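Architecture at a glance
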Amino acid sequence: MASTPVDGSAYQPEPAGLAPDWSHPRHNSEIDWDTFDPRSYLRSNYVTLRTDDREILRHLRDFFAAAELSDARCLDAGSGANLYPALAMLPFAERLDLCEWSAANVDWLRTQLDGYDASWDPFWQVCAEQPAYSAVADPRRRLARVGRVHRMSVFDLPAQSWDAGTMFFVACSISSDAAEFERAIARFLGALRPGSPFAAGFMLGSRGYLVGEHYFPAVTLRADDVAATVGAGADDLALHEVRAEPPLREEDLSMLLVTGRTHDRR
C-alpha cells in the first residue's frame, strides 16, 4: 500500500464495529496509513499459500522468466505486507527497490529483508518450479543483498528509473477515487524505462476492506476498467482473472493479473 502524507484533519479509517460510509470518495491523502496493521493483513491473506495466489504466482514467474532481464533495477511499488511480487523479480535483479508509504509496513519490510519469514517459503517453492528461480541457491541471502526498502508514495516515484516493476493491490486499494486509481497506474508505468516489463495485480469488485481494527477504501473495478487504464501507458497486455478461492470477504471478488511492457517511444 502507499499513500501521501496526511495532515491534522486526516480521515481516520472506520473502526471494525462501524459500517463504513462510502457515500463520498475517500481520498488517499485523507487516510492515516500508519494505522494499517501488516501482521493482521498477513494473517488474513498470506499466512498460507492460497489457491488463487498460487495461480497468479505461476503466471508471474513465467512472465518474468521470459522477459530477458538480467542485472536489472527492479521496483515493487506499494509493497505493503506482501513479498511475492518482489520474489518474482529476485533472480533478475541487481537491485530491488521496495517502495511503501505506511511506516508500519516499512518497518515490517525491513525485518523481512534481514531474513524473511518461513511462511514465504511455499511462495518461493512455486517460483522455483521454473529453472531461472531454482538456480538461486539462497533466496533469503539474495533478497538481503539486492533489496532496499524506501518510504515513498506511489505518487512520488521518479520517472523512468527502473528496468522492471510490480505493483500489487495498490492502485485499487489506496482510495475510492477513480481519478487517483488512474493517477497511481500512470505514475507506476512512468517510473519504468521505455519497453520495461511489468506486472500489476488488482482486486475486482471490492468496496473496501478490513485490516485489523479498521476499514480501508477501494475503487470498485471491472476488468475492462483496468485494461483501459493500463493500456493507455503499455503494450503487449495480457490479462488473467482468478476467482478468489477461498472467498476473501462476503463480496464476490476476483483478482486480475495484468502483464505487459511500457510504451517504447524511444
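The structure we're discussing is the one just above.
What this report covers is the structure whose coordinates are included nearby. (Residues numbered from 1 in each chain as written. Predicted model: local features only at pLDDT ≥ 70, side-chain atom pairs only at ≥ 80, totals over all residues. Heavy atoms only, no water.)

Turning next to the packing of aromatic side chains. Using the criterion set out here, one finds 17 aromatic pairs in the structure. Between tyrosine 46 and tyrosine 84, the aromatic rings sit 6.0 Å apart at their centres with planes inclined by 90 degrees, giving edge-to-face as the arrangement. Taken together, the positions of tyrosine 46 in the loop between α1 (38–45) and α2 (51–65) and tyrosine 84 in helix α3 (residues 84–89) put the pair 38 residues apart, joining distant regions of the chain. Across this residue pair, the class does not change: tyrosine 46 and tyrosine 84 are buried. Three or more aromatic residues joined by ring pairs make a cluster, and in this case those are Phe36, Tyr41, Tyr46, Tyr84, Trp108, Trp120, Phe123, Phe168, Phe169, Tyr209 and Phe216. Above the plane of the ring of tryptophan 101 lies arginine 151, whose end atom (NZ or CZ) is 4.1 Å from the centre. Positioned above the aromatic ring of phenylalanine 155 is the side chain of arginine 183, whose terminal nitrogen or guanidinium carbon lies 4.0 Å from the ring centre. (Phe/Tyr/Trp six-rings, centres within 6.5 Å; stacked < 30°, edge-to-face > 60°. Helix = DSSP H or I, 4+ residues; strand = E, 2+ residues; numbered from the N terminus. Buried < 20%, exposed > 50% of the residue type's maximum accessible area, 1.4 Å probe, protein only. Lys NZ or Arg CZ within 6 Å of the ring centre and 35° of its normal.)

All right, on to the nonpolar core then. By size, the foremost hydrophobic cluster in this structure holds 87 residues, and its most contacted members are Phe64, Tyr84, Leu96, Trp120 and Phe202. Here this core gets six residues from one element, more than from any other, and that element is strand β5 (residues 197–204). Among residues more than four places away in sequence, those in contact with tryptophan 120 are Leu42, Tyr46, Ala81, Asn82, Leu83, Tyr84, Leu87, Trp108 and Gln112. (Core = buried A, V, L, I, M, F, W, Y, C linked by side-chain atoms within 4.5 Å. Contact = heavy atoms within 4.5 Å.)

As a further point, take the pattern of salt bridges. Using the criterion set out here, one finds 12 salt bridges in the structure. Aspartate 52 is paired through a salt bridge with arginine 50; the nearest N and O atoms lie 2.7 Å apart. Classification of aspartate 52 by relative accessible area gives buried; the value is 1%. Of the residues examined, arginine 50 reaches a relative accessible area of 10% and is grouped as buried. Aspartate 121 is the salt-bridge partner of arginine 140, the closest N and O atoms lying 2.9 Å from each other. Residue arginine 140 is found in helix α7 (residues 139–146), and its partner aspartate 121 is found in helix α5 (residues 121–127); the two are separated by 19 residues along the sequence. Through salt bridges with shared partners, one network takes in Arg58, Arg61, Asp62 and Glu129. (Salt bridge = Lys/Arg side-chain N within 4 Å of Asp/Glu carboxyl O.)

Even without being glycine, aspartate 71 reaches a positive phi, approximately 50 degrees. Locating aspartate 71 in the fold gives a position in the loop between α2 and β1 (72–77). Backbone geometry places phenylalanine 169, a non-glycine residue, at a positive phi of 55 degrees. Here phenylalanine 169 falls in the buried class, since its relative accessible area comes to 5%.

In spatial order, the strands read β3-β2-β1-β4-β5-β9-β8; together these seven strands make up an open sheet with mixed pairing. Each edge of the sheet is formed by a strand with only one pairing partner; in this case those strands are β3 (147–151) and β8 (234–243). With direction set aside, neighbouring strand axes in the sheet form an average angle of 15 degrees. Bridge analysis of strand β2 (residues 93–100) against β3 gives five bridges, and the strand direction is parallel. Note that in β3 the partner of glutamate 100 across the bridge is arginine 151. Contacting β4 (164–168), β5, β8 and β9 (254–262), α2 runs over the sheet at an angle of about 10 degrees to β9. (Pairing = 2+ DSSP bridges. Axes fitted to C-alpha atoms, helices over the stretch in contact; angles between N-to-C directions.)

To continue, consider helix α8 (residues 178–190). In a regular helix each residue adds 1.5 Å, so 13 residues correspond to 18 Å; α8 covers 18 Å between its end C-alpha atoms and thus fits that length. The distance from a side-chain oxygen at the start of α8 to the backbone nitrogen of alanine 179 is 3.0 Å, and the residue carrying that oxygen is aspartate 177. (Expected span 1.5 Å × (residues − 1). Polar contact = N/O pair within 3.5 Å; in protein donor to acceptor, adjacent residues only side chain to side chain.)

Turning our eyes to something else, we now look at the packing of α8 against helix α9 (residues 223–231). At a minimum axis distance of 9 Å, the contact between α8 and α9 shows a crossing angle of 45 degrees. By the angle class used here, α8 and α9 are oblique. Here α8 and α9 pass one another in a crossing that is right-handed. Contact residues: α8 offers Phe181, Glu182, Ile185 and Leu189, while α9 offers Asp225, Val226, Thr229 and Val230. The class makeup of the residues in the contact of α8 with α9 is five nonpolar, one polar and two charged. (Parallel < 35°, antiparallel > 145°, perpendicular 65-115°, else oblique. Left-handed = near helix turned anticlockwise from the far one by under 90°. Nonpolar A, V, L, I, M, F, W, Y, C, P; charged D, E, K, R; others polar.)

Taken by themselves, the reported measurements are silent on function.
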